[in-house]
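Close look at the chain arrangement
Here is what each chain is made of, one letter per residue.
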Amino acid sequence: MSSGSSNPKLVVDRDPGHLAPKFAAAVAAAITECNSAAGGNLNAMVYEGYRSQELQALYYARGRTVIPPKGTVTNAPTNQYSWHGYGLAVDVVHAQKFWEPPGGEAWFARVAAIFKAHGCKWGGDWTKPDTPHFQWGRCMASPSDAARLLLANGGVAAVWKAVGAD
Ligand SMILES: [Zn+2]
């Protein structure tokens, strides 16, 4: 309950049970490796996984209708435009220093190398980098109209099956 909200839909969700099964397994294996001696004891944690429409709307307002911040924090107007809304993306941060890990960008790059080895794509590779962001490797950069249609007709299970994450 660290977000200070009493609305459960506005609380950051890091429940692996809300992620696609194969993606959840890849994330768990990657985090374990990041935090092992062999992985460099990076002290990484999942900050956020599945994101509700209510929370996505709150993030989208930041830097637009809610100022500060001066800059925007997401380009996805609804959770159907982000893989977080499908349980196919997570944001990974340092367990104590959160978005300011020791080593800065180099820390995120080390985490990314491990996540990539477990089949995930990294937001740090994008034109507008999102370094804490990882998503299932078989997903496109962002959800298409076809993904939204599949979600509407078959729920997340249908999307997970289509990208081989079920
Ligand atoms: Zn993200």
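Rules used in this analysis
Residues numbered from 1 in each chain as written. Predicted model: local features only at pLDDT ≥ 70, side-chain atom pairs only at ≥ 80, totals over all residues. Heavy atoms only, no water. Phe/Tyr/Trp six-rings, centres within 6.5 Å; stacked < 30°, edge-to-face > 60°. Helix = DSSP H or I, 4+ residues; strand = E, 2+ residues; numbered from the N terminus. Buried < 20%, exposed > 50% of the residue type's maximum accessible area, 1.4 Å probe, protein only. Lys NZ or Arg CZ within 6 Å of the ring centre and 35° of its normal. Pairing = 2+ DSSP bridges. Donors = N, O, S within 2.8 Å, 3.2 Å for Na, K, Ca; no water. 1 Å grid on protein atoms, 1.4 Å probe; cavity = no way out; pocket = protein on both sides within 12 Å on 5 of 7 lines; lining within 4 Å. Points joined across faces, edges and corners; volume = space filled by probe spheres on them. Nonpolar A, V, L, I, M, F, W, Y, C, P; charged D, E, K, R; others polar. Core = buried A, V, L, I, M, F, W, Y, C linked by side-chain atoms within 4.5 Å. Contact = heavy atoms within 4.5 Å.

What follows covers the packing of aromatic side chains. Counting across every chain of the model gives seven aromatic pairs. Plain terms: the ring middles of W122 and F134 are 6.5 Å apart, the flat faces sit at 15 degrees to each other, and that makes the pair stacked. Of the two residues, W122 sits in strand β3 (residues 120-122) while F134 sits in strand β4 (residues 133-136), which places them twelve residues apart along the sequence. Assigned by exposure class, W122 and F134 land together as buried. Taken together, Y47, F98 and W99 form an aromatic cluster joined through their ring pairs. Residue placement shows R64 over the ring face of Y60; its charged tip is 3.7 Å from the ring centre. Sitting over the ring of Y81, R148 keeps its end group 3.8 Å from the ring centre.

The element strand β2 (residues 89-94) is largely enclosed, with a buried count of six among its six residues. With four bridges joining them, strand β1 (residues 44-48) and β2 adopt antiparallel strand pairing. Of the residues in β2, the one forming a bridge with A44 is H94. Pairing of β2 with β4 involves three bridges; the strand directions are antiparallel. In the sheet register, A89 faces β4, and the bridge partner there is Q135.

Six octahedral donors around a metal ideally make angles of 90 or 180 degrees; four tetrahedral donors ideally make 109.5 degrees. Taken together, H84 (NE2), D91 (OD) and H133 (ND1) make up the full set of protein donors to the zinc ion, lying 2.0 to 2.1 Å away. The sequence pattern formed by the donor residues of the zinc ion is H-x6-D-x41-H. In this pair, D91 is assigned in strand β2 and H133 in strand β4, connecting sequence segments 42 residues apart. Neither D91 nor H133 differs from the other in exposure class; each is buried.

One number sums up the size of the largest pocket: a volume of about 910 Å³. Lining the largest pocket are 33 residues, with R51, V73, T74, D91 and D130 sitting closest to its centre. Among the elements of the structure, β1, α2 (53-61) and β4 are those that each provide at least two residues to the lining of the largest pocket. Ranked by residues supplied to the lining of the largest pocket, first place goes to α2 with three residues. Taken together, the residues that form the lining of the largest pocket break down as 16 nonpolar, eleven polar and six charged.

Counting residues in each nonpolar core, the largest one holds 35 residues, and the members touching the most others are F23, L88, V90, V111 and F115. Mapped by element, the contributors of at least two residues to this core are α1 (21-34), β1, β2, α3 (105-117), β3, β4 and α4 (145-162). When residues in this core are grouped by element, the largest group, seven residues, is from α1. The residues contacting F115, other than those within four sequence positions of it, are V27, A30, I31, C34, V90, V92, C120 and F134. Formed by six residues, the second largest nonpolar core is a distinct cluster that contains M45, Y47, Y59 and V93.

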